[in-house]
Amino acid sequence: MSKLTRGFMGRSRGTRDPRLPPGQYDAGRSWPVLNAEATPKLSTADWTFSVEGLTEQPTTWTWDEIHALPPSTYDGAIHCVTTWSKFDMMFAGVSVDTLLEIARPLPTATHVMAFSHTGYTTNLPLADVTGGKAWVAWEVDGETLPVDHGGPARLLVPHLYFWKSAKWVAGLTLMDHDEPGFWERNGYHDRGDPWLEQRYQGD
Amino acid sequence: MVDPTTPSTWQTATVVRIAPETGNAKTFTLRLERPTPHRAGQHYVIRLTAPDGYTASRSYSVASAPDGSAELDFTVERLADGEVSTFLHDVAEPGDELEVRGPIGGWFVWEGETPALLIGGGSGVVPLMAMLRLARRTGRSHLVRLVVSTRSPEDLYYAAELPGPETTIVYTRTNPPDLARPAGRLVASDLPDSLDPATVAYVCGSDGFANTATDILIGSGVPASSIRVERFGPSG
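Residue indices follow the written sequence of each chain, beginning from 1 at its first position. In the order they appear in the text, chains get letters beginning with A and ligands get numbers beginning with 1. The predicted origin of the model limits local features to residues at a pLDDT of at least 70 and limits the giving and counting of side-chain atom pairs to 80 or more, whereas totals for whole chains, interfaces and linings rest on all residues.

All right, on to the overall build of chain A then. Helix and strand counts for chain A come out as three helices and 11 strands. The C-alpha radius of gyration of chain A comes to 17 Å, within 12% of the 17 Å expected for a compact globule of 203 residues. In terms of its C-alpha atoms, chain A occupies a principal-axis envelope of roughly 60 × 35 × 30 Å. Across the 203 residues in chain A, those meeting the buried criterion constitute 40%. Here the analysis covers contacts within chain A between residues at least 6 apart in sequence; of these, 66% occur between residues at least 24 apart. Only DSSP runs of H or I reaching four residues or more are called helices, and only runs of E reaching two or more are called strands; each is numbered from the N terminus. Each radius of gyration reported is based on C-alpha atoms, and the globular scaling rule is 2.2 Å times the count of residues to the power 0.38. Any residue whose C-beta has 12 or fewer other C-beta atoms within 10 Å is treated as exposed, any with 20 or more as buried, and any in between as partly exposed, C-beta atoms being built from the backbone. Two residues qualify as a contact pair if the distance between their C-beta atoms, derived from the backbone, is within 7 Å.

Looking now at the confidence of the model for chain B. Residue and element names in this part refer to chain B. Confidence per residue, as judged by the predictor, is encoded in pLDDT with a range of 0 to 100. A residue-level look at chain B finds 95% of positions with pLDDT of 70 or above and a mean pLDDT of 92. A low-confidence stretch, residues 1-5 stays under pLDDT 50, and its non-local contacts, those more than four residues away or across chains, total four contacts. Reported confidence for the predicted complex is 0.79 by ipTM and 0.83 by pTM.

Next up on the list: the sheet that holds strand 3 (residues 43-49) of chain B. Residues and elements named next belong to chain B. Strands were regarded as paired on the criterion that DSSP finds at least two bridges between them. The antiparallel open sheet is built from six strands, whose spatial order is 4-3-6-1-2-5. With one partner strand each, in any of the chains shown, strand 4 (55-61) and strand 5 (71-77) form the two edges of the open sheet. Across this sheet, the average inter-strand angle for adjacent strands is 40°, counted without regard to direction. In this structure, strand 3 lies alongside strand 4, joined through seven bridges in antiparallel fashion. Helix axes are fitted only over the stretch in contact, all axes being lines through C-alpha atoms; the angle between N-to-C directions runs from 0 to 180 degrees.

A word on the interface of chain B and chain A. Contacts between the two partners involve 41 residues from chain B and, on the opposite side, 32 residues from chain A. Charged residues are taken to be Asp, Glu, Lys and Arg, nonpolar residues to be Ala, Val, Leu, Ile, Met, Phe, Trp, Tyr, Cys and Pro, and polar residues to be all remaining types, Gly included. By residue class, the composition of the side of chain B that touches chain A is 17 nonpolar, 14 polar and 10 charged.

Moving on, we get to the sheet that holds strand 6 (residues 111-116) of chain A. All names here are of chain A. With respect to topology, five strands assemble into an open sheet ordered 3-2-11-6-7, the strand pairing being mixed. Of all strands in the sheet, those with a lone pairing partner are strand 3 (59-62) and strand 7 (121-125), marking the two edges. When strand polarity is set aside, the average angle formed by the axes of neighbouring strands in this sheet is 15°. With six bridges connecting them, strand 6 and strand 11 (residues 169-175) associate as antiparallel partners. By the bridge assignment for strand 11, Ala114 is matched with Leu172.

Residue and element names in this part refer to chain B. The term nonpolar core refers to a set of buried Ala, Val, Leu, Ile, Met, Phe, Trp, Tyr and Cys residues connected through C-beta atoms within 7 Å. Ranked by size, the top nonpolar core spans 111 residues in total, and within it Leu118 and Met131 carry the most contacts. Among the elements that take part in this core, helix 2 (residues 125-137) stands out by supplying nine residues, more than any other. If we ignore the near neighbours within four places in the chain, the residues touching Leu118 are Leu128, Met131, Leu132, Val144, Arg145, Leu146 and Tyr202.

All names here are of chain B. Looking at helix 1 (residues 83-90), one finds that the buried residues are Val84, Ser85, Phe87 and Leu88. Taken around the axis of helix 1, the buried residues stretch over an arc of 160°, which confines them to a single face. Lining the buried residues of helix 1 we find strand 2 (25-32), strand 3, strand 4 and strand 5. The arc under discussion is defined with respect to the helix axis, by the directions toward the C-beta atoms.

Here the residue pair A:Gly151 and A:Pro152 is connected by a cis peptide bond, since its omega of 10° sits within 30 degrees of zero. Summarising the element assignment, A:Pro152 is placed in the loop between strand 9 (143-144) and strand 10 (154-156). Note that the residue after B:Gly102, namely B:Pro103, is joined by a cis bond; omega there is -5°. Relative to the helices and strands, B:Pro103 is located in strand 6 (residues 97-104). Despite not being glycine, A:Asp141 has its phi angle at roughly 50°, a positive value.

Given below as structure tokens:
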């Protein structure tokens, strides 16, 4: 149980949005930028996305090749572990399901490590990136995804805290075990479900 | 196995002192019920709880050096619509108890043993101050260069303590009267001329500042893999 703070009433919240997970606030129109490395300058001519590791058909797509796949969109909220959430976002790209249908994970695959062109990594159970829950996204609200937000393309796993949605994503490695990625080695939770407030290791 | 970066659970901290830092920033000294060693650059989460159970929490960098003390300094900028920062500035008093959790973060930390270039904009100087204080306290100031960008002399945090042979202050709007450099944004010539190739750069500030600083570093030949960035979003 949290301990009462003398004199703290909090903001008026008679109309707290039921879409807000516990401990989150609505960032409104602003979209904070949080990343731990220098923002890279990636050209779409050089950009690739790979699915590798435990797959029958390890595959690498160029920018043009991935755009030729069936498009998919996500309309909804995103939640950052630093406590802001943002509603009514519209992302467009390709479903991770489509990529995995081509690469065909082996039955032994249970987890993925997403990796970025910057060296950033984040780990996810395979079940969290399949079944219409994850995308490689290159548009937001009808515009090209800005580089500060991970452009040319980022992973999008909106049902988990947003550090799982790796910016400047370069691919997924399928694994038969879990291992921690960048923030997960640095104190953050392995799964990161905002509705369970899985912010830090031990939550 | 206990991961050393695992933050402890919530604990109670007592406000010991509140000292003005600038017109809109105050340093809060909190005494922890269960002192936990931190590393320079780490942060804590401070959580406030209302009578109906509503909570608001925000992350704040530790400004004090790791020195075994049970008291930690947090310098907090008052944001006009910041739910937590306005409470801390306008309501909190010495003797109040707050819930805190930490220390958190294993990336934006300096262990005090390798060359470090610290570049901070505005309130972004706070975690870098912990690093500078660690360097000075352990006699390793030669490992550290700190470049701070601030609007004016009145906006400089730690004004009595920060200046020294290992620090450079860049004023973006208003200079003190005796400075040759014209007021303006951080540029490449504000950084040290030569850097030990083993240097790790720590950049902390707003989005715009962090982008400017990392562009300058990369333009000066610092590899992206040697740059660590902490951005201050609207943390309230």
